[in-house]
Structures are given as structure tokens and as C-alpha cells.
Amino acid sequence: MPAIQSQRDETLRSLGNLEALKRFTFDTFCPDGHGLSAERQRNLRAAYQEAVSFSQRLQGWLLLMGGYGCGKTHLAAAIANDALSRGIMPLFVTVPDLLDHLRASFSPEVAQSYGDRFEQVRTARLLILDDLGTENATPWALEKLFQLLNYRYMAALPTVITTNQDLDRLDPRLRSRLADTGVVEMVTILAPDFRLGGVEREA
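Okay, so let's go over this structure. (Residues numbered from 1 in each chain as written. Predicted model: local features only at pLDDT ≥ 70, side-chain atom pairs only at ≥ 80, totals over all residues. Heavy atoms only, no water.)

### Focus on the pairing of strand 2 (residues 91–94)
Side chains L91 and V93 of strand 2 all project onto a buried face; the interleaved residues F92 and T94 project onto the opposite face, where all are buried too. Note: strand 2 against strand 3 (residues 127–130), four bridges, orientation parallel. In the strand pairing of strand 3, V93 is matched with L129. (Buried < 20%, exposed > 50% of the residue type's maximum accessible area, 1.4 Å probe, protein only. Helix = DSSP H or I, 4+ residues; strand = E, 2+ residues; numbered from the N terminus. Pairing = 2+ DSSP bridges.)

Structural data, given as C-alpha cells:
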């Protein structure tokens, strides 16, 4: 059993993007932002505290919404890195990359079948999907995302999702599950793009 789990963890590690995000931890996140108004400072700190709380309990879903560079990916990666430090192998992956991995598994040159790969993704102990809504929304992609999220929704598996899209722009089947407040904690981050300085500017 340990050997099987080790192999499973290695597969999740190879599928994910977490290796490049080691620096994104709760310690390196600035929960008060830079030059924010009091309201936005409170909002960002509340988002930080909700991410920490989710990381400690790993129950239900956490949906992080907001514009580019507001801190969504940092908090999501911090949850993943915290889980990893406690011996829980997360799968952290951007949605376009995940779909590419699944498509590639149809190739006869790939050792792991599509069915096996999809099963490992949908049953991951902690799944973190970054940038939902940036994928090429083909019928196949939408169907795979629905199958994946519906399985985790029905099984109540810990899941974190980030998006810069309004819910009404997502596929209705996905939106229905993401809007279920009995399962999903929805957090909207108001901070501006930290890559542009993260400081509020006059309109």
C-alpha cells in the first residue's frame, strides 16, 4: 500500500504546477496589501484568514474570485504548500494545463491511460484548480470539467478553485455547484494587481 500511495503521489506531483510555486506560502503573503484603503485591506485580510482556516480543516470547497494579480493564486498555492508540509499530497494545476494533460493521455505513447489519469485527478485528497474560465471552452473541455467537479461535489472532496470570471460567465452546470453555499465558501478579493504595485489609484 505505501508503494502504491507513493506512486500515486508522484503522478500528482508530475501533473501539477506546485514545484514552481514553493515561494507562495502564508508567511510570504502580505495580508494587509500595499497602500490599500481600509475597506480593501479588511477584505484582503479576511480572504487570507479564510484560506488559512480552509487549510487547517480541509473540508468543503473554497472559491477564490478576483482580478488578475489580486493574490488568488498565492493563497491557493499557500494552501497546497501547507498541505504538503503535513504529508498531504495536493494536486495544484491550472485548468488549461489539466485539460492538456488529459488530452495527452489519449496518445498510445503515454504509459498511463486516460481513465487512470482522470481517476487520480478526480480522487486527489486535495485538488486545487487555478484559473478556471481561462480554458478553451470546447464541448469536450466543459464535459470533462463537469465530470471532475461533479464527482468531487458529490463526494464532498476538498477543492480550491480560483477564477477571474464572474460566475454567470461560467458553464451553467459548473455555476450551479459553485454557487452552493452549503458546500462552497466564496471569497471575492478586491485588491488591485500586485504586479503593478498593488496600490489603489484614483479613477
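### Observations concerning the environment of R177
Along the polypeptide, R177 turns up in helix 7 (residues 172–178). By relative accessible area, which is 19% here, R177 ends up buried. With 27 residues separating them in the primary sequence, R177 and N150 have C-alpha atoms 7.6 Å apart. With sequence-adjacent residues up to four places away left out, R177 is seen in contact with F146, N150, Y153 and V184. Polar side-chain contacts of R177 include one of 3.0 Å to the backbone oxygen of R173. (Contact = heavy atoms within 4.5 Å. Polar contact = N/O pair within 3.5 Å; in protein donor to acceptor, adjacent residues only side chain to side chain.)

### Notes on the packing of aromatic side chains
Tallied over the entire structure, the rule returns three aromatic pairs. Considering the side-chain rings of W61 and Y153, the 6.1 Å spacing of their centres and the 80° angle between planes classify their relative orientation as edge-to-face. Of the two residues, W61 is situated in strand 1 (residues 61–66) and Y153 in helix 6 (residues 139–155); the sequence distance between them amounts to 92 residues. When its relative accessible area of 2% is taken as the criterion, W61 is described as buried. Through a chain of ring-to-ring contacts, the aromatic side chains of F26, F29 and Y48 assemble into a single cluster. (Phe/Tyr/Trp six-rings, centres within 6.5 Å; stacked < 30°, edge-to-face > 60°.)

### Details of the layout of surface pockets
Over the atoms a probe the size of a water molecule is rolled, and this reveals where empty space is left. Space inside the largest pocket adds up to approximately 250 Å³. Contributing to the lining of the largest pocket are 16 residues, with F29, C30, H34, C70 and F194 lying nearest its centre. When grouped by side-chain class, the residues that make up the lining of the largest pocket number nine nonpolar, seven polar and no charged. (1 Å grid on protein atoms, 1.4 Å probe; cavity = no way out; pocket = protein on both sides within 12 Å on 5 of 7 lines; lining within 4 Å. Points joined across faces, edges and corners; volume = space filled by probe spheres on them. Nonpolar A, V, L, I, M, F, W, Y, C, P; charged D, E, K, R; others polar.)

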